[in-house]
Amino acid sequence: MKARGKMAHSKGENELTPPAPLRIRGEFSRYPRGVGGVNDVSGSALCPSSLDVKRLRQDFPILRQKIYGKPLVYLDNAATTQKPLWVIDVLNQYYSDENANIHRGIHFLSERATQDYEAARGKVQRFIHAKEVCEIVFVRGTTEAINLVAQSFGRTFLKAGDEILISAMEHHSNIVPWQMLCEQMGAKLRVIPINKKGELLLEEYERLLNARTKLVSIVHVSNALGTVNPVQKMIQMAHAKGIPVLVDGAQAVAHLKVDVQVLDADFYVFSGHKIYGPTGIGVLYGKKERLEKMPPYQGGGDMISRVTFEKTLYLDYIRSVGLEAIAVHEKDLVTYGVKLLLSVPTLRLVGEPSDRAGIVSFVFDLVHAHDVGTVLDRAGVALRAGHHCTMPLMDFLGVPATVRASFALYNTRSEIDVMVEALGHVTEIFG
Ligand code: PLP
């Protein structure tokens, strides 16, 4: 839905005047800058990228917080990103002034909500460069999108003995739905192996693609290791054998420019909450000719799962900042972070992909990841310690869990300094 200003009620309760557009650029100066405002990131803090990170941080009110008296350093962005005020304000405004059911009512609010909902679909179409707006299906998130394809496409086109191909670095959301489908249909799940650096073995992939393969479902960017997979090439390889491909873009869309037509993906899925948007919304892109052959996935009102509101201001936000500039900034952060992490005694990086997005995983050989996470938490650093819903990957790498730092547009080098400084105390405490 597009941004709206507050309704003017001065002419009487039921009389609406055209809403003033919500101002959405550079207006969030209500939060004081610098010390006492959004956590100060001056000095060596800022990165040599074209992003004005100091200003952008003003857009994220949560970053003003102190945790245990220390400035919050939020490095758990792969789990969920923080929300800019654009998004927070417009959600508030929607429920205050505009809430109505879409595609149902014939009253003003409902029709307007429907128009805005459909406009949001167009915005997503442009964001990932889908050919047609009808190729965008709103769902609750990546997990639901994959389940939808598994149950609708999978149950229609699979038979006993067929194969689905995934990789060894998939999130559980891109494993379990296929396991369930295989059980239901008597099909087989095959897995593309990886090397110790955390990269897919393409020659093995080529070997696994065969006449029984009915779908390839692969992650674009690994949530545990940050590996950027060569999905365009992998799609070409699958298509050469007539096999459709689903790409799990949950960790990609906020960091890389995604063009589904260039990729030629048959399905591309992602979640709103990892791209500065609200929780509970997500996108399934599917080529029109594929979606048209798929039966409804759920019975009920609109036949597909939908949320009651849709706001895509987060896409406007990302576009206004610039995805290329975000990618350059995050690349700088991860390069800087990796270099510093390598200097921490007894710390070992897990995964060293040659093409890495803004995610880095590491372990201390003698200290459990959860204990490391606790030390960092006390220093105000929020990041993830665990298996990251990638247990098969952890098994392969021979670790029960890792500590994972994942970066977003608002992170700074000085925050990485804070993390590394705290990590320096881990061996003192536990060693
Ligand atoms: N796929 C990947 C690569 C992820 O990183 C995640 C979440 O971390 C998911 C799928 C699941 O996303 P959601 O919980 O938003 O459905």
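Nothing here was measured: the structure is a model prediction, and the numbers come from that model. (Residues numbered from 1 in each chain as written. Predicted model: local features only at pLDDT ≥ 70, side-chain atom pairs only at ≥ 80, totals over all residues. Heavy atoms only, no water.)

Colleague: I would appreciate a short explanation of the site of the ligand in the present structure.
Modeller: In the region of the ligand, 13 residues are neighbours, and Thr 143, Asp 248, Gln 251, Ser 271 and Lys 274 sit closest. In the model, an oxygen atom of the ligand is placed 3.4 Å from a nitrogen or oxygen of the Thr 142 main chain. Within the side chain of His 273, an N or O atom sits 2.8 Å from an oxygen atom of the ligand. The fraction of the free accessible surface of the ligand (400 Å²) that becomes covered by protein chains is 85%. Put simply, the ligand lies in the second largest pocket. Across the shell around the ligand, the residue classes break down as 2 nonpolar, 9 polar and 2 charged. (Near = heavy atom within 4 Å. Polar contact = N/O pair within 3.5 Å; in protein donor to acceptor, adjacent residues only side chain to side chain. Areas by Shrake-Rupley, 256 points an atom, 1.4 Å probe, with all protein chains shown as cover. 1 Å grid on protein atoms, 1.4 Å probe; cavity = no way out; pocket = protein on both sides within 12 Å on 5 of 7 lines; lining within 4 Å. Sits in = over half its atoms within 2 Å of the grid points. Nonpolar A, V, L, I, M, F, W, Y, C, P; charged D, E, K, R; others polar.)

Colleague: I tried to follow the layout of surface pockets on my own but got confused; where do I start?
Modeller: Where empty space is left can be seen by rolling a probe of water-molecule size over the atoms. What the largest pocket holds in volume is close to 300 Å³. Around the largest pocket, the lining is made up of 20 residues, and of these His 220, Val 228, Leu 256, Lys 257 and Asp 355 lie nearest the centre. Counting only elements with at least two residues in the lining of the largest pocket, the list comes to helix H7 (231–239), helix H8 (260–263) and helix H11 (323–341). By residue number, the principal contributor to the lining of the largest pocket is H11, which donates 3 residues. When we break the lining of the largest pocket down by domain, the ones giving at least three residues each are domain 1 (53–84 + 322–430) and domain 2 (99–309). Along the wall of the second largest pocket there are 19 residues; nearest its centre are Thr 142, Thr 143, His 171, Ser 271 and Lys 274. Within the lining of the second largest pocket, the residues separate by chemical class into 5 nonpolar, 11 polar and 3 charged. (Points joined across faces, edges and corners; volume = space filled by probe spheres on them. Helix = DSSP H or I, 4+ residues; strand = E, 2+ residues; numbered from the N terminus. Domains from an automatic or database assignment.)

Colleague: Which parts of the structure should I look at to understand the side chain of Ser 167?
Modeller: Along the chain, the position of Ser 167 falls in strand S5 (residues 163–167). Within the structure, Ser 167 has its side chain in polar contact with the backbone nitrogen of Met 169 (distance 3.1 Å). Side-chain polar atoms of Ser 167 contact the side chain of Glu 170, separated by 2.6 Å. When sequence neighbours within four positions are dropped, the list of residues in contact with Ser 167 reads Val 191, Ile 192, Leu 200, Ser 217 and Ile 218. (Contact = heavy atoms within 4.5 Å.)

Colleague: Is there a simple way to explain the pattern of salt bridges in this structure?
Modeller: When their charged atoms lie close together, side chains carrying opposite charge are able to pair. Scanning all chains against the criterion turns up 19 salt bridges. Salt-bridge contacts for Glu 415 lead to Arg 57; the nearest nitrogen and oxygen are separated by 3.2 Å. Here Glu 415 is found in helix H14 (residues 413–423), whereas its partner Arg 57 is found in helix H1 (residues 53–57), with 358 residues between them in sequence. Neither Glu 415 nor Arg 57 differs from the other in exposure class; each is buried. (Salt bridge = Lys/Arg side-chain N within 4 Å of Asp/Glu carboxyl O. Buried < 20%, exposed > 50% of the residue type's maximum accessible area, 1.4 Å probe, protein only.)

Colleague: Sorry, what's going on with the confidence of the model for the chain here?
Modeller: Note that predicted coordinates carrying low pLDDT should not be read in detail. For the chain, mean pLDDT is 87; residues scoring 70 or higher make up 85% of the total. Confidence over residues 1–38 falls short of pLDDT 50; this stretch has 71 contacts with residues more than four positions distant or in other chains. (pLDDT = per-residue confidence, 0-100.)

Colleague: What's the story with the nonpolar core in this structure? I'm lost.
Modeller: In globular proteins that are soluble, nonpolar side chains generally tend to be buried together. Core analysis: the largest hydrophobic core is formed by 79 residues, its most contacted members being Ile 128, Tyr 205, Val 216, Tyr 268, Tyr 276 and Leu 409. Element by element, the count of residues in this core is highest for helix H3 (residues 108–128), at 6 residues. Viewed by domain, this core spans two of them, domain 1 (53–84 + 322–430) and domain 2 (99–309), each represented by three or more residues. In contact with Val 216, not counting residues within four places along its chain, are Leu 165, Tyr 205, Leu 209, Ala 238, Ile 243, Pro 244, Val 245 and Leu 246. In this structure, Phe 362, Phe 364, Ala 405 and Ala 422 belong to the second largest nonpolar core, which totals 32 residues. (Core = buried A, V, L, I, M, F, W, Y, C linked by side-chain atoms within 4.5 Å.)

Colleague: In this structure, what is going on with the sheet that holds strand S14 (residues 384–386)? I would like to understand it.
Modeller: Think of a sheet as strands paired side by side through backbone hydrogen bonds, with each pair either parallel or antiparallel. Read from one edge to the other, the open sheet built from 4 strands follows the order S11-S12-S15-S14, with strand pairing classed as antiparallel. The sheet is open, and its two borders are formed by strand S11 (347–350) and S14, each paired with just one other strand. The average undirected angle you get between the axes of adjacent strands in this sheet is 30 degrees. Where S14 lies against strand S15 (residues 402–406), 3 bridges are found, and the strand directions are antiparallel. Among the inter-strand pairings, Arg 384 is bridged to a residue of S15, identified as Arg 404. (Pairing = 2+ DSSP bridges. Axes fitted to C-alpha atoms, helices over the stretch in contact; angles between N-to-C directions.)

Colleague: Explanation requested: the sheet that holds strand S6 (residues 188–192) in the structure shown.
Modeller: Pairing is mixed across the open sheet formed by 7 strands, whose spatial order is S4-S10-S9-S8-S7-S5-S6. Lying at the two open borders of the sheet, with one neighbouring strand each, are strand S4 (136–139) and S6. Across the sheet, the axes of successive neighbouring strands diverge by a mean angle of 20 degrees, strand direction being ignored. Bridge count between strand S9 (residues 267–271) and strand S10 (residues 282–286): 5 bridges; the pairing is antiparallel. Looking at S10, one finds that Phe 267 is bridged to Gly 286. Along the sheet, helix H4 (residues 142–157) makes contact with S4, strand S7 (213–219), strand S8 (245–248), S9 and S10, crossing S9 at roughly 150 degrees.

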